[in-house]
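Read off the chains here:
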Amino acid sequence: MTEPQWNVEGPELKSTQVEVPEVLPLLPIRDIVIYPYMMLPLFVGRDVSIRAVEESLSRDRLIFLVAQKNSAEDNPTASEIYRVGTVASIMRMLKLADGRVKILVQGLSKGEVESYLRERPFFEVKIRKVQETAVPDISIEVEALMRNVKEKIEQILNLKNLPPEIVMVTDNISDPGVLADLVASNLRLKIEESQGVLEIFDPVKRLQKVNDLLSRELELSTVQARIQNQAKEELSKTQRDYFLREQLKQIQQELGEGDERAEEINELKKQIEKARMPLDVKREAEKQLRRLEQMHPESSEASLVRTYLDWLVDLPWSRKTRDNRNISKARVVLDEDHYDLEKVKERIVEYLAVNKLRRKIRGPILCFVGPPGVGKTSLGRSIARSLGRNFVRISLGGIRDEAEIRGHRRTYVGALPGRIIQGIKQAGSNNPVFMLDEIDKVGTDFRGDPSAALLEVLDPEQNHAFSDHYLNVPFDLSNVLFICTANLLDPVPPALADRMEVIQLSGYTNEEKLEIARKFLVPRQQGDNGTPPKRLEISNDALLRIIGQYTKEAGLRNLEREIAAICRKVARKIAEGKKELTRVTRANLHLFLGPPKFLPETEQEQHETGVATGLAWTSAGGELLYIEASLSRGRGNLTLTGQLGEVMKESAQAAVSYARSHARSLGIEQDFYQKLDIHIHVPAGAIPKDGPSAGITMATALISALTKRPVSRDVAMTGEITLRGRVLPVGGLKEKCLAALRAGIKTLLVPEKNEKDLEEIPKYLRRKIKFTWVKNMSDVLQVALLPKRKAQTILVSGTKSVRTKKKRRARNRPLEKPRRERVISLRA
């Protein structure tokens, strides 16, 4: 007889779908008990049984299958047949060559014989259909009993030759009675035991009976496996060691000594309770702990489960630090660590104020955008200190694998959680200040896009249930204060940038750098290099010269390096025995740092035709941009040089189109573009340049060359030009103003719509600059271009003096070192 099959598709497949008559032919069967939903083939050879099958096929194909008490009896009587059986349906019938019949039956429902109507030529009985007790709601005890039965079935599978499909079927069964019947039919019990299970009509009691039989069968299978193992003659060293350890454990248990594995399990149980996990997480941890109890301690899967549980109990599910709600104290801490940066400090104080009033708010997601060295990373530590929270920092620069954020699934060897969960564990609390450094430098490749994984982390509507692939349970990140840093916002995907509150940090002015150097950098470097303040004194003029001629940056890193170089040289003198105070002044600074590395930019020496002074923004601060335009006889060709980007080339073309369309009002020949070739060049050709902010500068240089009117050397300008001559606003106004002041230019032509950006410029800088707000090119040309007569008078009368000044400057000017070339895109 082949193995039985089961057709269990849920509660909808019930015997109520088939009407069972009260009178049915009876088929006594040997060596097996048929259960409902069980499908298997039967070989029928006795004459009485064949007639019962034929009678069933002539009616409605239903037959009553009952086990006989004595399997050796060929002609059993009514008293030798059990009274409880199963109503079955004959699915197929096949007549064999030896006269026997093979039938395929499927059990439908249980029944009990009330009376025998006939015994010849076949058994015909009147039955009573058995209605089992329904289980409307499965209690916790019943659920635990069902899980226990399923787990024992899995254990027996490894010890006995049972079909592996049983586990797949049992996982889909939610009815305790059906589960009991399935397990009992596959245990190969004695007929009396199988019949005893069939005659228990209460599903829960029947499952308890099956559980007891399973426990006995598991013990028998274990003993049987042990006997088989002992019968082997040759055992490898690994197997021998294993059995010796097992025997040692048994001896220790008999002696009452402690079991290391039991102690480990108990310790994990205590840690799970102590961790105060959410209910879903605790349920998963307890499930994995039960799995660990049933595994062999030295199996590979046991180590994986143990590592997973260690991660679960170590995470700060409910541990958090208490916020400092003293606003004035927090402001003092922020001022101690950083100078200026009022926007950031104000935002943190606002967060503290709201947290003080509302007590529970979601952590903000801030993004500090600014050039290198302005203090973005150190500001995160200062914020954590002011709030009284733990601080965690991870660098996202160069990350290309999405699993770095979300973690690997536990199916992979060496899998671990992502950097977010690792950082939370490192912090030890669920409300740290979490810094994601260099978010604009995240890469992407075939392993996924980490920035897409960050969408869930940095979304307040989603991060309260952040799911790491390794943990596979939700973790609440809504209490975390996320701070991202970036040098540029352009590389950040728009969807990610939209989730963050962007705070721009511009470069420092020379005065701000001086204050920061005096209050922070000089004391810190004196402490790091072992030079006491009594032995070293750096004057303000020396610091200003370091800022202007030895560094050229928006931040402070190179400034701190130069100060560190001075401290090291003084430290050497102190170590050699010098005890006098060392004063560093503007006059002797070159003895410590050598000749200046950068000479300050200066304005042009005279008013020139075809040369205009523009302003550009770079990631390292503002720059002067001299744009030259020259004319030569030709056929109207336009040449653009200086490694210009596409946007800058289009600005030059727009400037030419404006000059052509306004030729008459500008006093230019209307057919100049047919007779002349135009060449526009932007010096510093090794540096790539791009952006629309040089549009009005190009147009001014071109119109100056066409009208022969020189451009004032005292004027610098910035703005985008349209074909109609309108001047559009640009960015980076503060950095551009600083660049103009460094060159000694105090008159700036700025788009009128940029007047709102004056708030970003300190008042002491605004007093030094004359801002001229322009709407269109006519306003620009009116200020920038000088009249022909005035320019000629200036040039003729001042020729000798200019020459004399040149000689005098050449004598007094120090030797100029070549500048370092920086490949930086110039932006609007």
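Position numbers for residues count from 1 along each chain, tracking the sequence in the order it is written. Only residues with pLDDT of at least 70 get local features here, since the model is predicted, and only at 80 or more are side-chain atom pairs given and counted; chain-wide, interface and lining totals rely on the full set of residues. Remark: hydrogens and water are excluded; side-chain values derive from all non-hydrogen atoms of the structure.

1. Here we look at the overall build of the protein
In step 1: Each helix and strand counted, the protein has 30 helices and 25 strands in total.
In step 2: Intrachain contacts of the protein at a sequence separation of at least 6 include 75% that bridge at least 24 residues. In DSSP terms, a helix is any run of H or I states spanning at least four residues, a strand is any run of E spanning at least two, and both are numbered starting from the N terminus. Two residues qualify as a contact provided that any one of their heavy atoms is within 4.5 Å of a heavy atom in the partner residue.

2. Let's talk about the sheet that holds strand S14 (residues 501-504)
In step 1: Any two strands with at least two DSSP bridges between them are considered paired. The 5 strands lie next to each other as S9-S10-S13-S8-S14, forming an open sheet whose pairing is parallel. The open sheet is flanked by strand S9 (391-395) and S14, the only strands paired with a single partner. With direction set aside, neighbouring strand axes in the sheet form an average angle of 20°.
In step 2: Pairing geometry for strand S8 (residues 365-369) and S14, over 4 bridges, is parallel. What counts as an axis is a line fitted to C-alpha atoms, over the stretch in contact for a helix, and the angles between N-to-C directions run from 0 to 180 degrees.

3. Comments concerning the nonpolar core
Buried together is how nonpolar side chains tend to be arranged in soluble globular proteins.
In step 1: Throughout this description, the term nonpolar core refers to a set of buried Ala, Val, Leu, Ile, Met, Phe, Trp, Tyr and Cys residues connected via side-chain atoms within 4.5 Å. Relative accessibility thresholds used throughout: buried, under 20% of the residue-type maximum; exposed, over 50%; partly exposed, between the two (1.4 Å probe, protein chains only). Ranked by internal contacts, the top residues of the largest apolar core, which has 64 residues, are Phe-64, Leu-65 and Ile-103.
In step 2: Counting 53 residues, the second largest nonpolar core, distinct from the first, contains Ile-265, Tyr-308, Cys-367 and Ile-405.

4. Some points on helix H8 (residues 260-275)
In step 1: With 16 residues, H8 extends 22 Å from end C-alpha to end C-alpha; this agrees with the ideal 22 Å at 1.5 Å per step.
In step 2: Within H8, the full set of buried residues consists of Arg-261, Ile-265, Leu-268, Ile-272 and Ala-275. Each buried residue of H8 lies within a common arc of 90° when the element is viewed along its axis, so the set occupies one face. Projecting away from the buried face of H8 at angles above 90 degrees are the exposed residues Glu-260, Lys-270 and Lys-274.
In step 3: Buried positions along H8 lie against helix H9 (279-294) and helix H10 (300-314).
In step 4: Note on H8: the residue one or two positions beyond its end, Arg-276, has a positive phi of about 50°. Between the first and last residue of a helix there are one fewer steps than residues, each counted as 1.5 Å, and that sum is the expected span. In this context, the arc is that of the directions from the helix axis out to the C-beta atoms.

5. Observations concerning the pairing of strand S3 (residues 38-44)
Along any regular strand, the residues point their side chains to alternate faces of the sheet.
In step 1: For S3, the tally of buried residues reaches 6 of 7 residues, placing the bulk of the element in the interior.
In step 2: Two strands pair when backbone bridges link them, and S3 and strand S6 (residues 101-118) are joined in this way by 6 bridges, in the antiparallel orientation. Among the inter-strand pairings, Leu-40 is bridged to a residue of S6, identified as Val-105.

6. Some remarks on unusual backbone geometry
In step 1: In this structure, Pro-121 follows Arg-120 across a cis peptide bond, with omega equal to 0°.
In step 2: By secondary structure assignment, the location of Pro-121 is in the loop between S6 and strand S7 (123-129).
In step 3: Residues other than glycine seldom take positive phi values, yet Arg-276 does so here, at roughly 50°.
In step 4: Along the chain, Arg-276 turns up in the loop between H8 and H9.
In step 5: The backbone of Asn-472 shows a phi angle near 60°, a positive value even though the residue is not glycine.
In step 6: For Asn-472, the position within the fold is in the loop between strand S11 (466-467) and strand S12 (474-475).

7. What about H9?
Owing to its 3.6 residues per turn, the α-helix aligns residues three or four sequence positions apart on the same side.
In step 1: Its 16 residues place the ends of H9 23 Å apart at the C-alpha level, agreeing with the 22 Å of an ideal helix rising 1.5 Å per residue.
In step 2: As for H9, its buried residues are in contact with H8, H10 and S12.

8. Quick word on the pattern of salt bridges
In step 1: A pair is scored as a salt bridge if a Lys or Arg side-chain nitrogen falls within 4 Å of a carboxyl oxygen belonging to Asp or Glu. Using the criterion set out here, one finds 42 salt bridges in the structure.
In step 2: Linking Arg-393 and Asp-437 is a salt bridge whose minimum nitrogen-to-oxygen distance equals 3.0 Å. In this pair, Arg-393 sits in strand S9 while Asp-437 sits in strand S10 (residues 433-437), placing the two residues 44 residues apart along the sequence.
In step 3: Here Arg-393 falls in the partly exposed class, since its relative accessible area comes to 37%.
In step 4: Note that Lys-675 is salt-bridged to Asp-671, the shortest N-O span being 3.4 Å.
In step 5: The class for Lys-675 is partly exposed, based on a relative accessible area of 41%.
In step 6: One continuous salt-bridge network, built from bridges that share partners, spans Glu-55, Arg-59, Arg-118 and Glu-124.

9. Some remarks on the environment of Leu-455
In step 1: Following the sequence through the fold, Leu-455 ends up in helix H16 (residues 450-457).
In step 2: Sequence-distant contacts of Leu-455, that is, excluding residues within four places in its chain, are made with Ala-495, Leu-496 and Arg-499.

10. What about the packing of helix H11 (residues 327-337) against helix H13 (residues 376-387)?
In step 1: Viewed as axis vectors pointing N to C, H11 and H13 meet at an angle of 155°, and their least axial separation amounts to 8 Å. Between H11 and H13, the crossing angle belongs to the class labelled roughly antiparallel. As for the relative orientation of H11 and H13, their crossing is right-handed in sense. Counted together, Ala-330, Val-333, Leu-334, Glu-336 and Asp-337 of H11 and Ser-382, Ile-383, Arg-385 and Ser-386 of H13 form the full contact between these two elements.
In step 2: For the contact of H11 with H13, the per-class residue count stands at 4 nonpolar, 2 polar and 3 charged. Here roughly perpendicular refers to angles of 65 to 115 degrees, roughly parallel to angles under 35, roughly antiparallel to angles over 145, and oblique to all remaining angles. The hand of a helix crossing depends on one turn: near helix anticlockwise from the far one by less than a right angle means left-handed, and clockwise means right-handed. All amino acids are sorted into three groups, where Ala, Val, Leu, Ile, Met, Phe, Trp, Tyr, Cys and Pro are nonpolar, Asp, Glu, Lys and Arg are charged, and the leftover types, Gly among them, are polar.

11. Quick word on the packing of helix H19 (residues 540-550) against helix H20 (residues 557-575)
In step 1: Where H19 meets H20, the closest approach of the two axes is 10 Å, and the angle between their N-to-C directions is 125°. In terms of their interaxial angle, H19 and H20 are classed as oblique. Considering only the axes of H19 and H20, their crossing is right-handed. Note on element contacts: H20 touches H19 through Leu-559, Glu-562, Ile-563 and Ile-566, opposite Leu-543, Ile-546, Ile-547 and Tyr-550.
In step 2: Across the contact of H19 with H20, the residue classes tally to 7 nonpolar, no polar and 1 charged.

12. Details of the side chain of Asp-401
In step 1: With respect to the helices and strands, Asp-401 occurs in the loop between S9 and helix H14 (403-406).
In step 2: Classification of Asp-401 by relative accessible area gives buried; the value is 17%.
In step 3: Look past the residues within four positions of Asp-401 in its chain and what remains in contact with it is His-408, Arg-447 and Pro-450.

13. Regarding the packing of aromatic side chains
In step 1: Here a Phe, Tyr or Trp ring, Trp counted by its six-membered ring, pairs with any other such ring whose centre lies within 6.5 Å, and the pair is stacked when the planes are under 30 degrees apart, edge-to-face when over 60, and tilted otherwise. Tallying each qualifying case throughout the model produces 6 aromatic pairs.
In step 2: Aromatic side chains Tyr-116 and Phe-123 sit 6.0 Å apart centroid to centroid with 75° between the ring planes, which places their arrangement in the edge-to-face category.
In step 3: Look at Phe-123 and you get buried, because its relative accessible area is 2%.
In step 4: Placement of a positive charge over a ring is assigned whenever Lys NZ or Arg CZ falls within 6 Å of the ring centre and within 35 degrees of the normal to the ring plane. Taking NZ or CZ as reference, Arg-660 lies 3.7 Å from the ring centre of Tyr-673, over its face.

14. As for the side chain of Glu-553
In step 1: Structurally, Glu-553 can be placed in the loop between H19 and H20.
In step 2: When charges are counted, Lys and Arg are positive and Asp and Glu negative, with His and the chain ends excluded. No salt bridge is formed by the buried Glu-553, whose closest oppositely charged neighbour, Lys-513, lies at an N-O distance of 5.2 Å.
In step 3: Counting of polar contacts relies on pairs of N or O atoms within 3.5 Å, with two restrictions inside protein: one atom must be capable of donating a hydrogen and the other of accepting it, and residues adjacent in sequence are counted only when both atoms are side-chain atoms. Looking at Glu-553, its side chain comes within polar contact range of the main-chain nitrogen of Leu-559, at 3.1 Å.

15. Thoughts on the state of the cysteines
Cysteine pairs can be covalently joined through their sulfur atoms, and such a bond is termed a disulfide.
In step 1: Two cysteine sulfur atoms form a disulfide, by the criterion used here, when they sit within 2.5 Å. Taken as a whole and assessed by the stated rule, the structure comprises 0 disulfides.
In step 2: Cys-367 takes part in no disulfide bond, and the closest cysteine sulfur, belonging to Cys-484, lies 5.4 Å away.
In step 3: By relative accessible area, Cys-367 is classed as buried at 0%.

16. A closer look at the pairing of S8
In step 1: Along S8, 5 of the 5 residues are buried, which leaves the element largely enclosed by surrounding structure.
In step 2: Judged by which residues are buried, S8 turns out to be covered on both faces: Ile-365, Cys-367 and Val-369 on one side and Leu-366 and Phe-368 on the other are all buried.
In step 3: In the sheet, S8 pairs with strand S13 (residues 481-486) via 5 bridges, with the strands oriented parallel. Its bridge partner lying in S13, Phe-368 is registered against Thr-485.

17. Focus on the confidence of the model for the protein
Reading predicted coordinates in detail is not appropriate for stretches of low pLDDT.
In step 1: On a range of 0 to 100, pLDDT expresses the predictor's confidence in each residue. On average, residues of the protein carry a pLDDT of 82, and 89% of them reach 70 or more.
In step 2: Across residues 9-16, confidence stays below pLDDT 50; counting only partners more than four residues off in sequence or on other chains, it has 9 contacts.

18. What to know about the environment of Ser-109
In step 1: Looking at the element boundaries, Ser-109 is found in strand S6.
In step 2: As a C-alpha pair, Ser-109 and Glu-132 span 23 residues in sequence and 9.6 Å in three-dimensional space.

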